[in-house]
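Descriptive analysis of the structure
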Amino acid sequence: MNEPSFAHRIAMRSLLPSYRVGMSQEITIGMLVPLSGPAASWGEPGLNGCRIWEDWLNTAGGALIAGRRYPVRIIAEDSGSTPDQVLEAARKLVLSDKVALLMMLGGDTSAPLREFLNAHKVLASTLLPTDLSPDMRTLIAPSEVHPVYNVTAVAWLARTRPDLKRIALCSQRDSFGLPSLATYRAALRAAELALAAEVQYPPDQTDVAAIVDPMLAANPDVLCWCTSYTPLVHAMTEYAHLQGFRGTILSCTMDQYDRLIARTSPDFMEGTVFQFPDFDDPALTEKAFFFNQPSLFYSEYQRRFPGTWSAVSWEYAAILDIWHAAVEKVGALGAASVMAAMKQMGSVSHAFGPAQWWGESLFGIDNALVGDWPVVRITEGKAQVVSFESIPDWLAQHESLLIEEMSDLGQIWHQRFGRNTNNTPTSARGLVL
């Protein structure tokens, strides 16, 4: 957005009178995210980040709508439960709490909500753009374009580490894993790298050897965990270390990587590549950033919620920042008005700079923001941004490969809904492209 960042706006507001008209009313925002279960590291830390955003905005006077300021209150419910419980939680947030925005992690837990959200015309966000479809026009993915950004790490490795030729992939068969697997397949094809082995496993898999042993048997240069859940990422990484693997680890996320360094060794984790930086990274200070001072947000997060930083700690807050700018621009909370403002704000900025609305070819609707995305490498025990790679540039050259691989795994929008892929056993295949 061609507007001052949130941090700049609240700093300026602190110099001005605080107009409290309307403060008896509040704006409620819902979070329907996993607060339990294997995906909890993609829920609770995101809520933590939103608490900081909420406090900062309210300290600055609240949201300004049509000349009045209103405090914001974030209400969280757990999506890590049964479909009926998830739907009941959504009904509470929408019908009782009357949230102006419903933020979700997305994936399998959001599927039962589609009809309900459509019926009530709720503005909702997801971190999983494969949730998008043309029949969900008020569902947006303005923060994270998972898993399309995973192409950036593969492209960077191919350019900077030409010695790494053979990549082994593994992925759970669910709405996080299969799109991620398709994306890594497409990225390998674009980079002309060999797919040494591929293992697909059920989301509740606990037998790490059944996943990693076939990958190791293919003698890969790189073990790629795709978008496996954090507990399994840790278990597989530790298992590979115990088995003597000495190549490179590639993963979408590497939450709490410091714990893995302690449990394996600094040498083993050196060179591990993933997609989510620590926000004290000096490379972020030069970006057009939604907080303008990411290190300040990071230090506040670490002070209030030590040891819980994860890939999503900032992502829901980034959604809130884009939403907040649109609400203040249009002076209203209605889903249609806010959506229109988001789409008409010109150069929209997501967390890592300018971005554009995209997605019709895969999702049937241009409701996902794509721009630059960081590639992160562990160097001397610390995650460091080594490059910002352009997702639009990659798509301009290779989008057809991504569509082919997504289609092969049934992940194009018209293929996905109503499809059940969770209950089949682990499978493995080895091949060279």
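Before reading on, note that the structure itself is shown above.
A quick note: this is a predicted structure, and the numbers were derived from the prediction, not measured.

Counting its secondary structure elements, the chain contains 16 helices and 17 strands. Going through the 433 residues of the chain one by one, you find that 60% of them count as buried. Of the accessible surface of the chain, which amounts to about 16,200 Å², a share of 51% is contributed by carbon and sulfur atoms.

Residue placement: threonine 237 occurs in helix H8 (residues 230-242). Within the structure, the side chain of threonine 237 is placed 2.9 Å from the side chain of tryptophan 225, a separation counted as a polar contact. Leave out the neighbours within four places in its chain, and threonine 237 touches Trp225, Leu260, Thr264, Phe268 and Met269.

A word on the packing of helix H2 (residues 44-59) against helix H12 (residues 315-330). For any two helices packed against each other, the geometry is given by the interaxial angle and the distance between the axes. Taken N-terminus to C-terminus, the directions of H2 and H12 make an angle of 35 degrees; their axes are 8 Å apart at the nearest point. For the pair formed by H2 and H12, the contact residues are Gly46, Gly49, Cys50, Trp53 and Leu57 on the first element and Tyr316, Ala317, Leu320, Asp321 and His324 on the second. A per-class count over the contact of H2 with H12 returns six nonpolar, three polar and one charged.

The first and last C-alpha atoms of helix H3 (residues 83-96) sit 19 Å apart over 14 residues, in line with the 20 Å expected at 1.5 Å per residue. Every buried residue of H3 is accounted for by Val86, Ala89, Ala90, Leu93 and Val94. Buried residues of H3, viewed axially, fall in a sector of 120 degrees; they line one side. The outward face of H3, more than 90 degrees from its buried face, is lined by the exposed residues Asp84, Glu88 and Ser96. Residues of H3 that are buried in the fold lie against strand E1 (27-33), strand E4 (72-78), strand E5 (101-104) and helix H4 (114-120). Once H3 ends, the next one or two residues include lysine 98, with phi positive near 55 degrees.

Evaluation of the coordinates by the stated rule reveals 22 aromatic pairs. Their ring planes at 65 degrees and their centres at 6.2 Å tell us that phenylalanine 297 and tryptophan 309 sit as a pair that is edge-to-face. Of this pair, phenylalanine 297 sits in helix H11 (residues 294-304) while tryptophan 309 sits in the loop between H11 and H12, placing them 12 residues apart in sequence. Classification of tryptophan 309 as buried rests on a relative accessible area of 10%. Between tryptophan 358 and phenylalanine 363 the ring centres are 5.6 Å apart and the planes differ by 85 degrees, which places this aromatic pair in the edge-to-face class. Judged by relative accessible area, which is 10%, tryptophan 358 ranks as buried.

Once that is clear, we can look at the sheet that holds E1. What the five strands build is an open sheet, ordered E4-E1-E5-E6-E7; its pairing is parallel. Each edge of the open sheet is held by one strand with a lone partner, namely E4 and strand E7 (139-140). Relative to E4, H2 is tilted by about 165 degrees, and along the sheet it contacts E1, E4 and E5.

Attention now moves to the nonpolar core. Formed by 76 residues in total, the largest nonpolar core has its most connected members in Leu32, Leu102, Leu117, Leu169, Leu250 and Trp314. Ile29, Ile65, Phe176 and Val312 belong to the second largest nonpolar core, which has 43 residues in total.

A few words now on the pairing of E1. Most of E1 is tucked away: seven of the seven residues are buried. The pairing of E1 with E5 spans four bridges and is parallel. Among the inter-strand pairings, isoleucine 29 is bridged to a residue of E5, identified as leucine 101.

This brings us to unusual backbone geometry. Apart from glycine, the bulk of residues carry a negative phi angle, and the bulk of peptide bonds sit in the trans form. Cis rather than trans, the peptide bond between histidine 146 and proline 147 has omega equal to 0 degrees. Of note, proline 147 is situated in the loop between E7 and helix H5 (150-160). Not every positive phi belongs to a glycine, and alanine 66 is a case in point at roughly 50 degrees. A positive phi angle, close to 50 degrees, is found at glutamine 256, a residue other than glycine. In this structure, glutamine 256 sits in the loop between strand E11 (248-250) and helix H9 (257-263).

This next bit is on the pattern of salt bridges. Using the criterion set out here, one finds 19 salt bridges in the structure. The partner of arginine 161 in a salt bridge is aspartate 163, and the shortest N-O contact between them spans 2.7 Å. Looking at arginine 161, the relative accessible area reads 28%, which means it is partly exposed. With a relative accessible area of 46%, aspartate 163 lands in the partly exposed category. With its nearest N and O atoms 2.9 Å apart, the salt bridge here joins arginine 185 to glutamate 198.

Definitions and limits used
Residues numbered from 1 in each chain as written. Predicted model: local features only at pLDDT ≥ 70, side-chain atom pairs only at ≥ 80, totals over all residues. Heavy atoms only, no water. Helix = DSSP H or I, 4+ residues; strand = E, 2+ residues; numbered from the N terminus. Buried < 20%, exposed > 50% of the residue type's maximum accessible area, 1.4 Å probe, protein only. Areas by Shrake-Rupley, 256 points an atom, 1.4 Å probe, with all protein chains shown as cover. Polar contact = N/O pair within 3.5 Å; in protein donor to acceptor, adjacent residues only side chain to side chain. Contact = heavy atoms within 4.5 Å. Axes fitted to C-alpha atoms, helices over the stretch in contact; angles between N-to-C directions. Nonpolar A, V, L, I, M, F, W, Y, C, P; charged D, E, K, R; others polar. Expected span 1.5 Å × (residues − 1). Arc of directions from axis to C-beta. Phe/Tyr/Trp six-rings, centres within 6.5 Å; stacked < 30°, edge-to-face > 60°. Pairing = 2+ DSSP bridges. Core = buried A, V, L, I, M, F, W, Y, C linked by side-chain atoms within 4.5 Å. Salt bridge = Lys/Arg side-chain N within 4 Å of Asp/Glu carboxyl O.

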